[in-house]
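In case you want the letters, here they are:
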Amino acid sequence: MVACGQSIAHTFEWKNPLVEPVHILSAEPERPCCSSIALTSKEIQPGSTASIPVTIKPGLGSGDHRFGFQVGYRTSRGRSHTRFYLKCKLRPEWEIKRLGEIDPTVRLGNTAVFRYEIICRKLGLEGRLCPDRIEAEQPLQADFDAPCSPGEEQRASTATPIIIEVRRRFHVVVPGEAPKNGRAPLIKLSWNDSPPIEHPVPYRISRPIHWNPRALVIQREEFATAVEITLESLDLAFRVTGVDAHPLMGPASYSMEPSRKQTIRIETRDRGEGPRISSLVIRLDHPEQSEVSIPVLFQ
C-alpha cells in the first residue's frame, strides 16, 4: 500500500451468525486523529452481512501500522462490542533526501550547492514515477543532475503487486543572501500526470565578520563618555576604512593596520542635537563584507 498523503479506505464485512437480529449502537475508531468509521446499517438480520467502511489518514507516514475500530451492539443477551483491526505496511509515495553534508549554512556573498535525491514509488495505479520538471523560487536555482534511475523492487507479500521505486537526483544553487520574507524558499517538482509538490530549502547566512556589542544604548550624560566596538574576522585580516558616526558622537579612533581583530573607540558628545534612534556604519576592506551597521539608541 502506498501512502500518498490521501485517505485510504477499506470495508469490513460483518456477518450475523445468530438466529436473531443484531442492533448496532455505536462505532468508534481507536485513533480518531487519523481514522474514522461509518455505518451503513443499524440492524443486521440473522445470516445477513453488513458493510462497515473505515478510512485511515496516514499523511506521509510510513512503516507498519495497525488501526483499530470498535462497534457496540445489542442482542437479547444484552450489550456487547466487537473490534476490527486493519493492519497495513505504508510506503511513502515520494520522499526527498538531502545528500552529503547537512549543514545549511551559506557564507555571505558566496554561493552554495545543496544536492538532493527524490525517491518515487508506484503500486498499481497508485503513486508516481520520476518528476518531469523542477522550478525554484527566487533567489534559488534548481536543475536535475541526471535522468531517472531504477531503485529497488519491493513486495509487501507474495500476494501483493510489486512496488516500483525510481530515483532522481537534483541540485539547488543557494546564493549568499538572506531569504526573503523570513521564510525558506521553495522548490517545485512537477509531473505530467500527477499534482506538483513543493519542498522548502532552509538555509542561514553566515557573515565573515562578527562584532560586539551588536547594538549601542548610550545615555545622554553631562560629560562625554566613550564606547568601544570589537570586530573579529573568521578568516582574513582586514582594515577599517571609515566610520559614519552619529551627530552626537565624536570622531572614531582605530588602527590602520590589517588584523583579524579590530577595536574602534568613539566618544559621545556632551551636547548637541540629533535623532534618538540611528545607526553606526563601519566600512571595511574585507572582500566578503564591506560594512557593518550597528543600531544606536540615545536615551
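These figures come from a predicted structure and were not determined experimentally.

Visitor: Quick question: what am I supposed to make of the pairing of strand S23 (residues 226-233) here?
Guide: Note on strand geometry: in a regular strand, side chains alternate between the two faces of the sheet. Burial of the side chains of S23 is restricted to one face: Val227, Ile229, Leu231 and Ser233 are buried, whereas none of Ala226, Glu228, Thr230 and Glu232 on the reverse face is. Where strand S21 (residues 209-212) lies against S23, four bridges are found, and the strand directions are antiparallel. When the sheet's bridge partners are listed, tryptophan 211 is paired in S23 with leucine 231. Pairing of S23 with strand S26 (residues 261-268) involves seven bridges; the strand directions are antiparallel. Among the inter-strand pairings, glutamate 228 is bridged to a residue of S26, identified as arginine 265.

Visitor: Just checking my understanding: could you explain the sheet that holds strand S4 (residues 35-37) for this structure?
Guide: Sheet strands line up and pair through hydrogen bonds in the backbone, either parallel or antiparallel. Spatially, three strands are ordered S2-S6-S4 in an open sheet, and the strand pairing comes out antiparallel. Strand pairing shows two members of the sheet lacking a second neighbour, strand S2 (8-15) and S4, which therefore form its edges. On average, adjacent strands in this sheet sit at an angle of 20° to one another, irrespective of strand direction.

Visitor: I tried to follow a nonpolar patch on the surface on my own but got confused; where do I start?
Guide: Nonpolar side chains collect at one region of the surface, where Leu129, Ile162 and Ile164 lie side by side and expose about 220 Å² of accessible area between them. As for its position among the elements, leucine 129 is in the loop between strand S12 (126-127) and strand S13 (133-136). Residue class for leucine 129 comes out partly exposed when judged on its relative accessible area of 39%.

Visitor: In this structure, what is going on with the pattern of salt bridges? I would like to understand it.
Guide: Oppositely charged side chains may form a pair once their charged atoms are brought near each other. If you walk through the whole model with that rule in mind, you get 15 salt bridges. Across the salt bridge formed by arginine 115 and aspartate 145, the nearest N and O atoms sit 3.4 Å from each other. One end of the pair, arginine 115, is in strand S11 (residues 111-123); the other, aspartate 145, is in the loop between strand S14 (141-144) and strand S15 (149-150), with 30 residues separating them in the sequence. Measuring nitrogen to oxygen at the nearest pair gives 3.3 Å for the salt bridge that ties aspartate 285 to arginine 239.

Definitions and limits used
- Residues numbered from 1 in each chain as written.
- Predicted model: local features only at pLDDT ≥ 70, side-chain atom pairs only at ≥ 80, totals over all residues.
- Heavy atoms only, no water.
- Buried < 20%, exposed > 50% of the residue type's maximum accessible area, 1.4 Å probe, protein only.
- Helix = DSSP H or I, 4+ residues; strand = E, 2+ residues; numbered from the N terminus.
- Pairing = 2+ DSSP bridges.
- Axes fitted to C-alpha atoms, helices over the stretch in contact; angles between N-to-C directions.
- Patch = residues over 30% accessible without salt bridge, like charges linked within 9 Å, V, L, I, M, F, W, Y side chains within 5 Å.
- Areas by Shrake-Rupley, 256 points an atom, 1.4 Å probe, with all protein chains shown as cover.
- Salt bridge = Lys/Arg side-chain N within 4 Å of Asp/Glu carboxyl O.

Don't take any of this as a statement about function, it's just geometry.
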